[in-house]
Amino acid sequence: MRVAILGPLSVEGPEGPIEVGGARVRALLALLALEEGRLVTAERLIGALWADEPPANAVNALQTLVKRLRAALRPYDVVESRPGGYRLSAQVDARSFRDLARVGELDAALDLWRGPALADLAAVPHLANVAAALEEERLAAVEARAEARLAAGLAVDLAAEVAAHPLRERLCAIAVRAMAAAGRQADALALFARTRARLADELGVDPGPDLRAAHLAVVSGDLPVAPPAVAPAVRRRGSSVKRPLTSFIGREEELEELTALLSAARMVSIVGPGGAGKTRLATEAALLADEAWLVELAPVTDPADVPGAVLDALALRGAERPALGVQEEEVTPTDRLLAALADRKALLVLDNCEHLVEAAAVLAERLLTDCPGLRVLATSREPLGVQGERLAPIPPLELPPVGAGPSVAGTCPAVRLLLDRADGVTLDERNVAAIIAICRRLDGMPLAIELAAARLRTMTPAQLADRLDDRFRLLTGGSRTALPRQQTLRAVVEWSWDLLTARERALAESFAVFAGGATPEAVEAVCGAGMEVLGALVDKSLVRMDAQGRYTMLETIRTYAMECGEQPRRAHAVHYMELAEAAVPHLRAHEQLEWIERLAAERDNHAAALRWTIDSGEVELAVRMCGALTWYWWLCGYRAEGEAWSAQVIELAGGDPPEGLAAAYASCMFGIGTGHIGRLLSEPDSLLEVVAQLERVVAQARAEGPVHPMLLLGRAVMAAMTRQDDRLAELLAEYVAAEDPWLASAALMVRGGWRSADPTAEEDLERAVAGFRRLGDRWGLSEALLTLAGVRVAHDRPAADLVAEAGTLTIGWVSVDEAISTLTTVALLRAQGGDIEGATTDLARARAAMSDDTSEHVALRLRLGEADLARLAGDPADALAIYEEVIVTLPAMEDVLPQQLSWALTSYGRALLETGDLGGARRQLLLAVEAFGAAPDLPILASALAGFAAVALASGDAERAAVLLGGASTVYAGLSGGDADAARTVADTRAALGDAVFEEAYERGARMSRDQLTRLL
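This write-up is about the structure you can find in this document. (Residues numbered from 1 in each chain as written. Predicted model: local features only at pLDDT ≥ 70, side-chain atom pairs only at ≥ 80, totals over all residues. Heavy atoms only, no water.)

**As for unusual backbone geometry**
For Asn-352, which is not glycine, the phi dihedral falls at a positive 65°. Along the chain, the position of Asn-352 falls in the loop between strand E10 (346-351) and helix H15 (357-370). Taking the relative accessible area as the measure of exposure, Asn-352 reaches 7% and is therefore buried. The backbone of Ser-541 shows a phi angle near 65°, a positive value even though the residue is not glycine. Within the secondary structure, Ser-541 sits in the loop between helix H25 (531-539) and strand E13 (544-545). (Helix = DSSP H or I, 4+ residues; strand = E, 2+ residues; numbered from the N terminus. Buried < 20%, exposed > 50% of the residue type's maximum accessible area, 1.4 Å probe, protein only.)

**Description of the sheet that holds E10**
Paired through backbone hydrogen bonds, the strands of a sheet run either parallel or antiparallel to each other. Pairing is parallel in the open sheet, where five strands are placed in the order E9-E10-E11-E8-E12. Both edges of this open sheet fall to strand E9 (292-296) and strand E12 (390-393), since each of them pairs with a single strand only. Each neighbouring strand pair of the sheet contributes to a mean axis angle of 20°, computed without reference to strand direction. The pairing of E10 with strand E11 (residues 374-380) spans five bridges and is parallel. Considered in E11, the bridge of Leu-347 is made with Arg-375. Along the sheet, helix H13 (residues 306-313) makes contact with E9 and E10, crossing E9 at roughly 135°. (Pairing = 2+ DSSP bridges. Axes fitted to C-alpha atoms, helices over the stretch in contact; angles between N-to-C directions. Contact = heavy atoms within 4.5 Å.)

**What about the packing of helix H48 (residues 958-971) against helix H51 (residues 995-1006)?**
It is the contact of H48 with H51, at a shortest axis distance of 6 Å, that shows an interaxial angle of 45°. As judged from the angle between their axes, H48 and H51 are oblique. Along this stretch, H48 crosses H51, giving a crossing that reads as right-handed. Residues Glu-959, Ala-962, Val-963, Leu-965, Gly-966, Gly-967, Ser-969 and Thr-970 of H48 lie in contact with H51, whose contacting residues are Phe-998, Ala-1001, Tyr-1002, Arg-1004, Gly-1005 and Ala-1006. Across the contact of H48 with H51, the residue classes break down as seven nonpolar, five polar and two charged. (Parallel < 35°, antiparallel > 145°, perpendicular 65-115°, else oblique. Left-handed = near helix turned anticlockwise from the far one by under 90°. Nonpolar A, V, L, I, M, F, W, Y, C, P; charged D, E, K, R; others polar.)

**Considerations on the side chain of Arg-558**
As for its placement among the helices and strands, Arg-558 is situated in helix H26 (residues 555-564). Despite its burial, Arg-558 remains without a salt bridge, the nearest opposite charge being carried by Glu-555 at 6.6 Å. Ignoring any residue separated from it by four or fewer positions in sequence, one finds Arg-558 in contact with Ala-512, Val-513, Phe-514, Ala-515 and Met-553. (Lys, Arg positive; Asp, Glu negative; His and termini not counted. Salt bridge = Lys/Arg side-chain N within 4 Å of Asp/Glu carboxyl O.)

**Here's the deal with helix H6 (residues 125-151)**
For H6, built from 27 residues, the straight-helix expectation of 39 Å at 1.5 Å per residue is met to within 8% by its first-to-last C-alpha distance of 39 Å. By the burial criterion, the buried members of H6 are Leu-127, Val-130, Ala-131, Leu-134, Glu-135, Arg-138, Leu-139, Ala-141, Val-142, Glu-143 and Ala-146. On the buried face of H6, the contacting elements are helix H1 (23-34), helix H4 (93-102), helix H5 (106-111), helix H7 (159-164) and helix H8 (169-181). (Expected span 1.5 Å × (residues − 1).)

**Regarding the nonpolar core**
Residues Leu-377 and Phe-514 are the most contacted members of the largest nonpolar core, which totals 190 residues. In terms of nonpolar packing, the next biggest core, distinct from the first, is built from 74 residues, Leu-6, Ala-72, Leu-110 and Val-156 among them. (Core = buried A, V, L, I, M, F, W, Y, C linked by side-chain atoms within 4.5 Å.)

**Here we look at empty space enclosed by the protein**
Here the structure, examined in full by the defined rule, presents six cavities of 30 Å³ or more. Size it by volume and the largest cavity reaches roughly 130 Å³. Contributing to the lining of the largest cavity are 16 residues, with Gly-274, Val-492, Val-493, Thr-556 and Ile-557 lying nearest its centre. Mapped onto the lining of the largest cavity, the elements with two or more residues apiece are helix H19 (446-455), helix H22 (489-498) and H26. No other element matches the four residues that H22 contributes to the lining of the largest cavity. For the lining of the largest cavity, the residue count by class is ten nonpolar, four polar and two charged. Taken as a whole, the second largest cavity encloses approximately 80 Å³ of empty space. What lines the second largest cavity is simply Val-584, Leu-587, Arg-588, Trp-631, Trp-634, Leu-635, His-708, Trp-742 and Asp-777. Per-element tally for the lining of the second largest cavity: the top contributor is helix H30 (residues 619-636), with three residues. Looking at the lining of the second largest cavity residue by residue, the classes come out as six nonpolar, one polar and two charged. (1 Å grid on protein atoms, 1.4 Å probe; cavity = no way out; pocket = protein on both sides within 12 Å on 5 of 7 lines; lining within 4 Å. Points joined across faces, edges and corners; volume = space filled by probe spheres on them.)

This is the structure in structure tokens:
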């Protein structure tokens, strides 16, 4: 996570910007960020946040702010409690600015500024002082950069800075010198005169020595008339390193680490794939050395010529002689190098060693052994293997997150490089998505990005992004002065490919089958190659290994490999099918998170394998893999993904399960059904057809062997959907007594929710909670806790502990849509229990997680949750405005469900009732009932009937209210146990009538048919 304070406060997580609301919460974050990684005592924080009037219980107030900050930053747990205070673990741009400025990378340091520091928190006195100090540091860096540019003969323009700080003498002095150096002596003298006058008028002082010296230099002509067009070549004592003509972007951290390595070790090798920027990084490091030579080995083809190439780079060919007594014909190039470098303290850069690794290693070791003051820096696609060698792997440039806006994307090194090298391209809202796609598709590799930048002279970013599938034909416009292998993207990769052995090339071609990287076990199983060959590909920078031991291949290299040979597609599909099947029982046990992480890491591989099985007509592989993955997709909330794959597999398999695959086929049917439940509820005939088909396939599956317990539970759900209450009760009783503890716990949960008004419901739910806890199923435990919390809240009993635990169990690993839905449920339960602040925090987290990819249905649920919260918080005006907005928006939604419209209208009616608009409430509730047509959703219909009862009670007709409540309980038995509004209406109506009258009227309503109830409405 990154916190930016060099401008308005902002926070960036791995998945994009994070909104932190509330001025005091933002101030707290800024105070912690200023002490990045260090403890900030509670006393200091209180003193800074409440400088004038600290609250009565300042410690509690601070703890509340910390809680709100943590909620805003979730799921990133970066605010740590420590004895006496708090600590923030995050990257802070102010620290990066200081580090870069300290090592002289002033361009990169100043690029981090986005405006006045902490501009939105100037009302906090302490932060205003900090901002002023940071501004002073910025100006010092601006001045240092300007002086360095002047010294190098480059043009300097400080007009904007001088206008903003007209009394800053050092700044004005540099500006005076810069104007004179550019041939603008008159302007320089005029600036001096203006500054002298303002100093006298406003401060009553004369110009200081810096400004007077600048004035004297102008009038004496002691300045160059005009700067040279480009920076001169850097030719220090004994140096062959030339300053590049382009800016150095995005490798500031790597340069700092490399410099530290060179100070600690005499042999360092920068290793990485072709086009990663190894030569440029080595050049920048060499420019920081007092004496340095850069030896370009790329043109050398014969290993015997390596020492001679070094002699040429040092301009020593024939210049040095060995000691007397050595015959001329016996003198070798290595002898000459040893004689020349024996007493020198210098840095020797051996660039592009990969095709001459052995010769370069032999020479480097000899030089290091006999020349104690020498250091060697090599660049290669694999290590040299010299004793004492330290490696400096060079990773791809940092990539912008998908969906980032221009302000965030513009700070990422890969984007900065693309924009710097492109001609006239400006990042904005219209092209940011395409520019992000280009950088990500090109793996953040500098050479590929520079080749893409050249194409942007003739194509728009969107056109280029759309054509990157043909990247090798497209990216060919490299510098004409570059090495041939660096002028096209294909040449870059071919150079590495040609250096492979036959076994290495075969594995590289096979490895390309892995769409999302691979574990060592997967490589051995699919490719039949051992760790020796895989390790060689890692050494040669064609395959990367991450900290978890997972192997990946850059997309560009993988694309090339797929062109070169056939991939073991079937072996790949079999391996990942077996992995998916092995995961199924673990997904509902203590190992749940471990297996979810394993499957999450293989999502791309599973998608590639499924695509191949379907396209190749591999029915058995497709059905088994999809059937197993259904439970991962369902558990983690990837319902749309599961539905899409399942539909394709069912179409491939045909209308009946293949022999022996009924259980897997039924799982695919389940994957389709989870995406269709809402529509099926409003299509009774289709629903009955699906129920019959599911029963038939599950029966066939049970005859073949064990089936997933969720398929059995699905039969009970279908019975509930088709209003077969007796069958539902029978099935749930059977499953509660089952030997499978997961099935028993799930059945208890469903039964407790279905009969939530029954006195035994809470016992069922508590048993379900205990069962899932024993099993270690976090999803089941979360669902059971939320259902139990709903029952307790509806009966006005404490449930905060249940809600708090449920909210922590799944958020970190379910899909974003599922996380938003869970946070919305948790928030409403908190609000119904009286915790308005906690509910507000949860909904803010849900809102912050929204993106363009969030489904319309999830976004609608969140919006209704925000309306419900406003109503429960006593803000009916805000609630009504949101309900009205939703009801207007709903008809325009694609695939809108009757249940959604009916629920929105029911909630709107309840809100109108609370404002006293009984007629409006009645109209909306009637529309809610009518929205269903002939096939209502029973729980929502029951809630609407309870809403009518509340209107009747408010109208003074308590008996009619009791009749409607009785009818609602018949429609859905769990109404008053799961609907807090309905439960309150029941309690109020009973209080108004007395127990005897209430029970009589309630029973009368319970005996009514649905047609009678409709007429009563």
